[in-house]
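An overview of the molecular structure
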Amino acid sequence: MRKKQFKAESKKLLDMMINSIYTNKEIFIRELISNASDAIDKLYFKSLTDTSVGMNKDDFEIFISADKDARTLTISDNGIGMTAEELESNLGTIAKSGSLNFKQENEDAQESDIEVIGQFGVGFYSSFMVAKKVEVVSKAYGEDTAHKWVSEGADGYTIEECEKDAAGTVITLYMKDDTENEDYSHFLEQYTIDELIKKYSDYIRYPIKMEETHSVPDPDKEGEYKEETAVEVLNSMVPLWRKNKNEITSEEYSEYYKNKFFDYHDPLHVIHFKSEGTATFDSLIYIPSATPMDYYSKDYEKGLALYTNGVMIMEKCGDLVPDYFSFVKGIVDSADLSLNISRETLQQDHQVKIIARAIDKKIKSELKKLLSKDREKYEKFFDVFGVQLKWGVYADYGAEKDGLKDLLLFKTVNTGKYQTLKEYIDSMPQGQEKIYYACGESPEKIALLPQTEAVKQKGFDVLCFTDDVDEFAVSVLMEYEGKHFANICKDDLGIASDEEKKALDEKNESAKDMLSEMKNILGEDVTAVKLSDSLGAHAVCLSSEGYVSLDMAKVLSRMPGGSNAVKAQLVLEINSSHPITEKLFGLFAEDREKFSKYAHILYNEARLVSGLDIENPTEFADMVSELL
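Residues numbered from 1 in each chain as written. Predicted model: local features only at pLDDT ≥ 70, side-chain atom pairs only at ≥ 80, totals over all residues. Heavy atoms only, no water.

With that settled, the discussion passes to the overall build of the protein chain. Scanning the protein chain for helices and strands turns up 20 helices and 22 strands. Expressed as a percentage of its 628 residues, the buried residues of the protein chain come to 50%. A fraction of 70% describes how many contacts in the protein chain between residues 6 or more apart in sequence connect residues 24 or more apart. A total accessible area of about 31,200 Å² is found for the protein chain, and carbon and sulfur atoms account for 46% of it. (Helix = DSSP H or I, 4+ residues; strand = E, 2+ residues; numbered from the N terminus. Buried < 20%, exposed > 50% of the residue type's maximum accessible area, 1.4 Å probe, protein only. Contact = heavy atoms within 4.5 Å. Areas by Shrake-Rupley, 256 points an atom, 1.4 Å probe, with all protein chains shown as cover.)

Shown next, in the form of C-alpha cells:
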C-alpha cells in the first residue's frame, strides 16, 4: 500500500478551504449527511429501472454513531457506494464532484424525484476541520470488492482493498484533541448531534438514525429511573413548505413559526408559495404581528433561512430581503444553489439575486392583496411596520418608491382614519390641486394647528404626518397621480383666490415698515415677518421657506451631530384680522421699546404653537408678566 499525494494544487486548496471557505466548523456534519443522501439518491434512481437492486425507498437510511472512548464519529449510508477509481477520482481531487457529474449525465433525474444536493465538490473535506484522520470504507453497488480510503490531511491518502458486506459508504472521523480554544469532544455528544441534525439536515428525505440513550421511569421501582437505549430517527424529513397549502392548517403554520423563530405571538400573515421559471424555489414567509424584541437594536439581523433541497446553507441570508422588509421571517428552499459554498461567495451569487427579486415582488403583491381584501388586518400590519415601508420609499434616492407608494397609509384630519394616497385623491373636492399634509406628534395636535383651520375652511382634508420619515418620503415621491404634495406649514399654500391674494398683498404693503422693524428686532431667528389671512382665530404661527421645513429641521437636529444640521428658514406670520395686529400698529407708532417686547413674545408664542423650544423661557415669562 503506497501513500498517494493529492493532485497538483489540491494541498493548497485543502488548507485554504478548511481555513477560509467554511467559517463554522459544525457544518461538517451537514456536508457528510448531504453526501450520504446523494449516494442514496443515486441507488434509488437506479432501482427505478433496475429491479435487481431489490430495494425500495423505505429501505434506505443514514446511520450515525459516536464513540467517546475511541473519539470517533461514524456516518454510514446504504447508497450506491464508490469503486476504487471513484474514491481516487472523487476524494483524491478536491473540487471534483461525482454528484455534479451524476446530475449532468442524468437529466431526467429530477423528473424521477431525485435531488442531488452537493454539487461543488469540496464538502467532504470540511471533515478535516474537526478530524485529525478520516477513513472512508465504500463498496460500490454491483462490485465484489470494497475499498478503504484513509487520509490525515494535506500530506496525502491511501487506498486499499477491505471487507464490507453490502453496498454503501462508512465514513469514520477520528476527532482532533481538544485545545484551550477548541472543544472537539462536544461533537461526540448525543445532544449536539441531535441539535446539528435538526438545524442543518432536518429535511433530508431519508431517515437519519442514531442509537440514543434516555432516562425513563422504571415501572418496577416507583420514583426511580433507568437507562433505555433505542434507535431513533433524528430528522423530520418532510419540510412544511413543500407540503400542499391545502394540507396545512393555520394552527400548523403558526406552531411552526413560533417554534422556528422563537416568537410567543401568532404571525399576522403567512405567504406560502412556489416559484418556477428563472428561479425555482419553495418559500414560506411570515409577517410577524409584533416587532421582534431586538428589532431596533444593532444586534438585529435580517434575513431568511436559506436551504437547498432541504439542507440549510445559511440561517439568515440578508441578501434575500430588502431593508424595508427586514421584519419578515421565513425559509427559502432552492435546488439551484450550490450547497458547498461560503457566506462570502453566496452574497455574490446571481441566483440569490434573482430569488430576492421574486420574493420582494411576492411580498408586495401579498400586502396589496391584504390592503384590498382585509383592511383591518392590513392596518394592524401598518401600525407595526409602516415606518419601514416609508423608509423604503425614501432610501436609495427613491429607487423603490413606485413599488411601495400604494402601500402607504396616513390618517387625515377630517376622518381620523387611515387613507391611502389614492383614497385621499379620490375624495378631493373639485378645485383642490394639491395633496395637503402637516407634521406633528399626533393627528389631534395637527388638527389644532392654525394652518389646519385655514385649509379645512376651504373644504380640503389634511394628511397627518406623525413619523419622522414621513416628510422625507413624500419629498422623494414629489407627486402622486399628478398631484404635488404641499406642507400647510410652508410659506405659500396656494389656496387663496386671486382677490384674496391681492387684498393680502395690499395689507402687507401698508404694514411694510412695521414688519421690517419686527424682522430687525428678531434678527436671524426669522427670514421674514408677514401678515396672513389664513390663521383663523389664532394670532400667530411660524411657517418656513425653502426646501427644509420646520419638521425636517426638528428631525435633523435630533440626529448625531444635529447641532450643525441644516436649519429651516422661519417666517413669522401674524393674523391680519386679529386684535393683536392693531395693537402692534399702535405700539410701533407710540412705544418702540414695548413694541420690541411684543415682537419677542409673539415669536416665542409661535414657536410654542409649532412645537419648538424657547431658548430663554425665563425671559419670555418675565416679559409676559410685565405686560400683564
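Our focus in this paragraph is the pairing of strand β21 (residues 540–545). Most of β21 is tucked away: five of the six residues are buried. The pairing of β21 with strand β22 (residues 569–575) spans six bridges and is antiparallel. Each residue of the ladder has a partner; that of Ser543, found in β22, is Val571. (Pairing = 2+ DSSP bridges.)

Moving on: the packing of helix α16 (residues 512–522) against helix α19 (residues 592–609). Look at α16 against α19: their axes get within 10 Å of each other, and the N-to-C directions meet at 70°. With respect to α19, the element α16 is oriented roughly perpendicular. Taken together, the residues of α19 that come into contact with α16 (itself represented by Met514, Glu517, Met518, Ile521 and Leu522) are Arg592, Phe595, Ser596, Ala599, His600 and Tyr603. Looking at the contact of α16 with α19 residue by residue, the class counts come to seven nonpolar, two polar and two charged. (Axes fitted to C-alpha atoms, helices over the stretch in contact; angles between N-to-C directions. Parallel < 35°, antiparallel > 145°, perpendicular 65-115°, else oblique. Nonpolar A, V, L, I, M, F, W, Y, C, P; charged D, E, K, R; others polar.)

What follows deals with the packing of helix α18 (residues 579–590) against α19. Where α18 contacts α19, the two axes come as close as 7 Å, and the packing angle between them is 145°. Across from Ile580, Lys583, Leu584, Leu587, Phe588 and Glu590 in α18, the residues of α19 making contact are Arg592, Lys594, Phe595, Tyr598 and Leu602. Grouping the constituent residues of the contact of α18 with α19 by class yields seven nonpolar, no polar and four charged.

Time to look at the sheet that holds β21. Two strands in a sheet stick together by hydrogen bonds in their backbones, pointing the same way (parallel) or opposite ways (antiparallel). Pairing within the open sheet is mixed, and its three strands lie in the order β20-β22-β21. Each end of this open sheet is capped by a strand with a single partner; those strands are β20 (528–532) and β21. The sheet shows a mean angle of 35° between the axes of neighbouring strands, taken without regard to direction. Where α16 meets the sheet, its contacts fall on β20 and β22, and the angle it forms with β20 comes to roughly 140°.

Next up on the list: the side chain of Asp360. Of note, Asp360 is situated in helix α8 (residues 350–373). Side chain to side chain, Asp360 and Lys364 meet in a polar contact 3.0 Å long. Sequence-distant contacts of Asp360, defined by excluding residues within four places in its chain, comprise Pro322, Tyr324, Phe325 and Glu400. (Polar contact = N/O pair within 3.5 Å; in protein donor to acceptor, adjacent residues only side chain to side chain.)

Scanning the entire structure with this criterion turns up 30 aromatic pairs. Here the aromatic rings of Phe325 and Phe327 are separated by 6.1 Å at their centres, their planes lie at 85°, and the arrangement is edge-to-face. The same class applies to Phe325 and to Phe327, which are both buried. For the cation-ring pair, Lys316 lies above Tyr300, with the distance from its terminal atom to the ring centre recorded as 6.0 Å. (Phe/Tyr/Trp six-rings, centres within 6.5 Å; stacked < 30°, edge-to-face > 60°. Lys NZ or Arg CZ within 6 Å of the ring centre and 35° of its normal.)

With that out of the way, let us pick up unusual backbone geometry. Even without being glycine, Asp396 reaches a positive phi, approximately 55°. Judged by its relative accessible area of 62%, Asp396 falls in the exposed class.

Bringing the sheet that holds strand β3 (residues 131–139) into the picture now. Pairing in this open sheet of eight strands is mixed, and the strands run β5-β4-β3-β6-β2-β1-β7-β8 from one edge to the other. Each edge of the open sheet is held by one strand with a lone partner, namely β5 (157–162) and β8 (225–233). Pairs of neighbouring strands in the sheet enclose a mean axial angle of 20°, with direction left out of account. Sheet analysis places strand β4 (residues 146–151) next to β5, joined by six bridges and oriented antiparallel. Across the sheet, Val150 pairs through a bridge with Thr158, a residue of β5.

Here the focus is the pattern of salt bridges. Taken as a whole and assessed by the stated rule, the structure comprises 29 salt bridges. Notably, a salt bridge pairs Asp202 with Lys198, separated by 3.4 Å at the nearest N-O pair. When its relative accessible area of 47% is taken as the criterion, Lys198 is described as partly exposed. Notably, a salt bridge pairs Arg375 with Glu379, separated by 3.0 Å at the nearest N-O pair. One end of the pair, Arg375, and the other, Glu379, are both in helix α9 (residues 375–398), four residues apart, so they sit about a helical turn from each other. One salt-bridge network, held together by shared partners, links Glu26, Lys199 and Glu315. (Salt bridge = Lys/Arg side-chain N within 4 Å of Asp/Glu carboxyl O.)

Among the nonpolar cores identified, the biggest contains 69 residues, and Leu320, Phe325, Val328, Ile359, Tyr378, Phe381 and Leu389 are the most heavily contacted of them. Here the element with the most residues in this core is α8; it accounts for eight residues. With residues up to four places along the chain from it excluded, the contact list for Phe381 reads Leu268, Ile287, Phe327, Leu367, Gly386 and Leu389. Formed by 59 residues, the second largest nonpolar core is a distinct cluster that contains Phe28, Phe60, Leu234 and Phe261. (Core = buried A, V, L, I, M, F, W, Y, C linked by side-chain atoms within 4.5 Å.)

Turning to the environment of Lys401, a few remarks are in order. Residue placement: Lys401 occurs in helix α10 (residues 401–404). For the pair Lys401 and Lys390, spaced 11 residues apart in the sequence, the C-alpha separation amounts to 8.9 Å. In this structure Lys401 touches Val393, Val476 and Leu477, once residues within four positions along its chain are discounted.

Okay, the environment of Asp144 next. By secondary structure assignment, the location of Asp144 is in the loop between β3 and β4. Note on Asp144: relative accessible area 74%, which makes it exposed. As a C-alpha pair, Asp144 and Lys164 span 20 residues in sequence and 9.2 Å in three-dimensional space.

Moving on, we get to the pairing of strand β16 (residues 434–439). Counting buried residues in β16 gives five out of six residues, a clear majority hidden from the surface. Direction of pairing for β16 relative to strand β19 (residues 483–487): parallel, over a ladder of four bridges. In the sheet register, Tyr436 faces β19, and the bridge partner there is Ala486. Of the pairings in the sheet, the one linking β16 to strand β17 (residues 463–465) comprises three bridges and is parallel in character. Residue pairing across strands places Ala438 opposite Cys464, the latter belonging to β17.

Take Phe273: it is sitting in strand β9 (residues 269–275). A C-alpha to C-alpha distance of 9.9 Å links Phe273 and Val332, two positions 59 residues apart in sequence. Apart from the residues lying within four places of it in its own chain, the contact partners of Phe273 are Phe281, Asp282, Ser283, Ile285, Ile359 and Lys362.

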